[in-house]
Amino acid sequence: MSVLQIIFQGDAIHTSVALVLLSMSVVAWFVIFWKGWLLQRALRDVSRSTAAFWQSLDVQGALLALPAFDRERLVLPLVQASQIQQPGTLASAGDRGQQLTRVLRDALHGVLQRLQAGQVLLATVGSTAPFVGLLGTVWGIYHALVGITGGGQVSIDKIAGPVGEALIMTAAGLAVAIPAVLAYNIFGRLIGRIEADLEGFALDLRELLLTRGNGA
């Protein structure tokens, strides 16, 4: 039985459930491939970018060197934020350490939000797809029983086919959910590693700039 037969052989509710599961699967796999590619680049970029920064002669030289290594713009925003001066505003209130803490924290949050993109979608697909498939199964079994009730004599042939087709919806829901859940967990661990590296770099950068005054 082909996918198209499974989708279009039932009534409107059966077809709608199948199309929803198909759409969820396509979107989830797109996010999985995209985020897998993105996070692999990010892991390499953070390592290369921090090494390039510490090998630079000064912060201005690092700002010129980083774009070649930081393709995903994960480290560069932290360094750029640390160089922003806003004299005469509340942002410049307090000592230099407080200012650096604030701007680096805000820049780090912005970077991490980009890394977290797609995680909510994977979590949503992983948690809802089995129930969408179960809805299709329940509706299919109900529809089969109604047909059997109105069909006179009941035989195993009349029950096995429709019920088996209905149970396919449960399997389809699990097939959509399992990759999404696995990807969510794997990506979460990778994002955690990158976050730890960026937080460590931000702390080291703050200490460096406090030691060297304005970071020049």
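Note that the structure is a prediction, hence the values are computed from the model and not measured.

What counts and how
Residues numbered from 1 in each chain as written. Predicted model: local features only at pLDDT ≥ 70, side-chain atom pairs only at ≥ 80, totals over all residues. Heavy atoms only, no water. Helix = DSSP H or I, 4+ residues; strand = E, 2+ residues; numbered from the N terminus. Buried < 20%, exposed > 50% of the residue type's maximum accessible area, 1.4 Å probe, protein only. Contact = heavy atoms within 4.5 Å. Areas by Shrake-Rupley, 256 points an atom, 1.4 Å probe, with all protein chains shown as cover. Salt bridge = Lys/Arg side-chain N within 4 Å of Asp/Glu carboxyl O. Polar contact = N/O pair within 3.5 Å; in protein donor to acceptor, adjacent residues only side chain to side chain. Core = buried A, V, L, I, M, F, W, Y, C linked by side-chain atoms within 4.5 Å.

S.K.: Would you mind showing me how to read the overall build of the chain here?
M.R.: The number of helices and strands found in the chain is 7 helices and 0 strands. Residues classed as buried in the chain amount to 36% of the 216 residues present. A fraction of 77% describes how many contacts in the chain between residues 6 or more apart in sequence connect residues 24 or more apart. Here the chain displays about 12,000 Å² of accessible surface, and carbon together with sulfur accounts for 66% of that area.

S.K.: I keep staring at the pattern of salt bridges and nothing clicks. Help me out?
M.R.: Close approach of charged atoms lets side chains of opposite charge pair. Summed over the entire model, instances satisfying the criterion amount to 5 salt bridges. Among the ionic pairs, Arg48 bridges to Asp45, the shortest N-O distance being 4.0 Å. Pair noted here: Arg48 and Asp45 are both in helix 2 (residues 12-55), with a separation of 3 residues, about one helical turn. A salt bridge links Asp106 to Arg105, with the nearest nitrogen and oxygen atoms 3.9 Å apart. Salt bridges here are not isolated pairs; linked through shared partners, they connect Asp45, Arg48 and Arg71.

S.K.: What's the story with the side chain of Asp45 in this structure? I'm lost.
M.R.: What makes Asp45 buried here is its relative accessible area of 0%. Polar side-chain contacts of Asp45 include one of 3.2 Å to the backbone nitrogen of Glu72. Each residue touching Asp45, except ones within four places of it in the same chain, is listed here: Phe69, Asp70, Arg71 and Glu72.

S.K.: Would you take a moment to explain the nonpolar core for this structure?
M.R.: Most often, soluble globular proteins have nonpolar side chains that are buried together. Core analysis: the largest hydrophobic core is formed by 47 residues, its most contacted members being Leu78, Val79, Leu115, Leu122, Ile194 and Leu198. Mapped onto this core, the elements with two or more residues apiece are helix 2, helix 3 (59-65), helix 4 (76-82), helix 5 (96-115), helix 6 (119-149) and helix 7 (156-211). When residues in this core are grouped by element, the largest group, 14 residues, is from helix 7. Dropping the residues within four chain positions of it, Ile194 is found in contact with Leu39, Ala42, Leu43, Val46 and Leu115.

S.K.: Help me understand the environment of Phe69 in this model?
M.R.: With respect to the helices and strands, the residue Phe69 is situated in the loop between helix 3 and helix 4. A residue is classified by how much of its surface remains accessible, and Phe69, at 30% relative accessible area, is partly exposed. Between the C-alpha atoms of Phe69 and Arg44, which are 25 residues apart in sequence, the distance is 8.9 Å. Excluding its chain neighbours within four sequence positions, the residues that come into contact with Phe69 are Asp45, Arg48, Ser49 and Ala52.

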